[in-house]
Amino acid sequence: MSAADLIRELNPKIRGWANYHRHVVSTRTFARVDHHIFTSLWRWARRRHPNKTTRWCKQKYFALRRGRDWSFFGETCDDEGQPGQVWLRHARSTPIKRHVKVKGDANPYDPAYESYFEQRERNPYARNVSGYSYASFSLP
């Protein structure tokens, strides 16, 4: 199995898992998962090329991408035979989106709560990335 095939197998699994868990406190968990995946891929690369140096393996499978060194990639060709690269997705690149509960007695069909639901739709009340504070939105 080539590196590109491996990436095509892993990317949907990483994306799905990270999207499922992005609504909870998961920044450190995402980092740990990325580290575990990296360790497994590094062992895979070293086992695949036992007679090559570590420097050669790093240059063959890992590169700097978007400020992150050691990003795993594979070389592939498209339908027209043009060479390209496919990159492994990082779980920690998934934005964390907090869920804010709706007030228990709020009813979207009650005109008394019309302004409440309009304000919920207008404001970015959920954090997009871990570490940022909630927007200036307070529940009445």
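For the structure, see preceding data.
The residue numbering used here restarts from 1 in each chain and proceeds along that chain's sequence as written. Since the coordinates come from a predicted model, pLDDT governs what is reported: local features require at least 70, and pairs of side-chain atoms require 80 or more to be given and counted, while whole-chain, interface and lining totals use all residues. Note that the side-chain values use all heavy atoms of the structure and ignore hydrogens as well as water.

Participant: For this particular structure, what's the right way to read unusual backbone geometry?
Facilitator: Generally, phi is negative for residues other than glycine and the peptide bonds are trans, each holding for most cases. At Arg-66, a position not held by glycine, the phi torsion is positive, near 55°. Within the fold, Arg-66 resides in the loop between β1 (62–65) and β2 (68–77). Only protein chains enter the accessibility calculation, which uses a 1.4 Å probe. A residue is then buried if its area is under 20% of the maximum for its type, exposed if over 50%, and partly exposed in between. Arg-66 sits in the exposed class, given a relative accessible area of 73%. Residues other than glycine seldom take positive phi values, yet Trp-70 does so here, at roughly 65°. Put simply, DSSP H or I for four residues or longer makes a helix, DSSP E for two residues or longer makes a strand, and each gets a number counted from the N terminus.

Participant: Looking at this model, I keep getting lost on the pattern of salt bridges. Mind explaining?
Facilitator: Any two side chains of opposite charge can pair, given that their charged atoms come close. By convention in these notes, a salt bridge is any Lys or Arg side-chain nitrogen within 4 Å of a carboxyl oxygen on Asp or Glu. What the rule picks out here adds up to four salt bridges. Arg-8 is the partner of Asp-5 in a salt bridge, and the nearest nitrogen-oxygen pair spans 3.2 Å. Taken together, the residues Asp-5 and Arg-8, both in helix α1 (residues 3–21) and three residues apart, mark about one turn of the helix. Classification of Arg-8 by relative accessible area gives partly exposed; the value is 44%. Between Glu-9 and Lys-13 there is a salt bridge, and its shortest N-O distance comes to 3.9 Å. Placement of both Glu-9 and Lys-13 in helix α1 is noted, with a separation of four residues, approximately one turn of the helix.

Participant: Honestly, the environment of Arg-48 in this entry has me stumped. Any pointers?
Facilitator: Relative to the helices and strands, Arg-48 is located in helix α2 (residues 27–48). Excluding residues within four positions of it along the chain, Arg-48 makes contact with Met-1, Ser-2, Ala-3 and Tyr-61. Polar contact criterion, stated in full: a pair of N or O atoms within 3.5 Å, where within protein one must be able to donate a hydrogen and the other to accept it, and residues adjacent in sequence count only if both atoms are side-chain atoms. Looking at Arg-48, its side chain comes within polar contact range of the main-chain oxygen of Met-1, at 3.0 Å. Every residue pair with non-hydrogen atoms within 4.5 Å of one another is taken to be in contact.

Participant: What exactly am I supposed to notice about the environment of Phe-73 here?
Facilitator: Tracing the chain through its elements places Phe-73 in strand β2. Overall, the relative accessible area of 5% leaves Phe-73 in the buried class. Measuring from C-alpha to C-alpha, the distance between Phe-73 and Ala-3 comes to 6.9 Å, with 70 residues separating the pair along the chain.

The values are spatial; any link to function lies outside them.
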